[in-house]
Amino acid sequence: MAISRLAALASCISSVFAACASIETRKEWRSFTTDEQSAWIDAVKCMAKLPHNDSLISTVGDFAATFANITSDSSYYDDYVYVHSDLNPTIHFTGLFFPFHRYFVWSYTQSLIKDCGYTGVSPYWDWTLDAADFVGSTMWSDDTASGLGQASGIEANDFEVGTGGFASDFTLAYPASHPLRRNFTLEPWTEFGDLSEFFTDLTKKANTSFTLEVIDAMVNGYVGDFKGFQVAMETFEGPHSAVHEILGGDLGGYCPDDANAACFTNAPSPTFSANEPMFWMHHAMVDRVWWLWQNANTANANAFFGGSVQNLTYYSEFPNGGPPYLDMTSVLPDDGILTAGTTLGDIWITEGDFLCYTYDS
């Protein structure tokens, strides 16, 4: 069953769970008008000018120990970046991968609305449309108001993005102060040769991991098998990682020139990938694929299995986390600035009265 046909099924099944008086319908970026695109870019840049929230805390600490401590010389946008950086070991390769990122993108969008007056919807980036010609994609518009900018920045200037709406008035704090950076790389896995137990095909072209055929197979497969579905998405050379690494720069976790030595020792490390505005659209698409899978079969809607502890030492046994195991009452981490006490059950159905959103297809 193709994704377009699944979308029709999804709308039917999701209506059973609907409990919202007014629901947000997320759209693909290229479905936005130029005014809508400009409004989203303006809201993101607004957030990057808001002051740091002193409620932010580091609950894990690995990022602080290796890359950077929380600094007050940062913005509210940087605070969200830090949350993702700090929580990295608990929200990747654990059962929190899908639910936390669903909640994180939603929370970020609520901040755009509440703190920056954004009145639009959360965009997603359907990267299956760009698998055949990534650099030539219409995503990479140079328009200074509505464009996302070039897929590869200026090499002589640390791959700084020099076009589009984020080429000016957009400075990032972590791991050191720098502008947005991108470095398109078709074969990014060659950088991971020392991790060959995880990256098994170092010459694999990243764009082959997020084709429509790959995603269709994921959505139509793994019936009732949440663990298998997560592994298909999050595996080291899978769709999630491939999009991060093909764009490189901040999304790929490559250190800016002024970062400390420890950053370069651990690079690439996509902990600070939320620096890149494309992160929010990328993870909205990851969430959309999960949403499509949840709605593809009634056995998928509430299917879940995952541990709370990342265990890469025994990855083959615990690819989405080891014990203690999570359930619908498990509380999502918040690092002091997300809504405390939110459970997996709260965010499990997007059309429920907590999240109140759906997808256009």
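Before reading further, recall that the structure is shown in the block above.
Residues numbered from 1 in each chain as written. Predicted model: local features only at pLDDT ≥ 70, side-chain atom pairs only at ≥ 80, totals over all residues. Heavy atoms only, no water.

J.: Which parts of the structure should I look at to understand the overall build of the protein chain?
T.: Each helix and strand counted, the protein chain has 12 helices and seven strands in total. Computed over C-alpha atoms, the radius of gyration of the protein chain comes to 19 Å, within 12% of the 21 Å expected from 2.2 N^0.38 for 361 residues, which places it in the range of a compact globule. Along the first, second and third principal axes, the C-alpha atoms of the protein chain reach 50 × 45 × 45 Å. Residue burial in the protein chain is summarised as follows: out of 361 residues, 57% are buried. Carbon and sulfur atoms provide 52% of the accessible area of the protein chain, an area that totals close to 13600 Å². Side-chain charges in the protein chain split into 14 positive and 45 negative, and the spacing between the mean points of these groups amounts to 7 Å. (Helix = DSSP H or I, 4+ residues; strand = E, 2+ residues; numbered from the N terminus. Rg over C-alpha atoms; globule rule 2.2 N^0.38 Å. Buried < 20%, exposed > 50% of the residue type's maximum accessible area, 1.4 Å probe, protein only. Areas by Shrake-Rupley, 256 points an atom, 1.4 Å probe, with all protein chains shown as cover. Lys, Arg positive; Asp, Glu negative; His and termini not counted. Charge placed at Lys NZ, Arg CZ, Asp CG, Glu CD.)

J.: What am I meant to see in helix 4 (residues 76-91) here?
T.: For an α-helix, 3.6 residues make a turn, and residues three or four places apart therefore share a direction. For helix 4, spanning 16 residues, the distance from its first C-alpha to its last is 21 Å, which sits close to the expected 22 Å at 1.5 Å a residue. If you look at helix 4, its biggest bend is around 35°, right at serine 85, and the proline proline 89 turns up within four residues after that. Among the 16 residues that make up helix 4, 13 are buried, leaving the element largely enclosed by the rest of the structure. A distance of 3.3 Å separates the backbone nitrogen of tyrosine 77 from a side-chain oxygen at the start of helix 4, and that oxygen is part of serine 75. Phenylalanine 93 sits one or two residues past helix 4 and shows a positive phi near 60°. (Expected span 1.5 Å × (residues − 1). Bend = angle between axes of the 7 residues up to and from the residue. Polar contact = N/O pair within 3.5 Å; in protein donor to acceptor, adjacent residues only side chain to side chain.)

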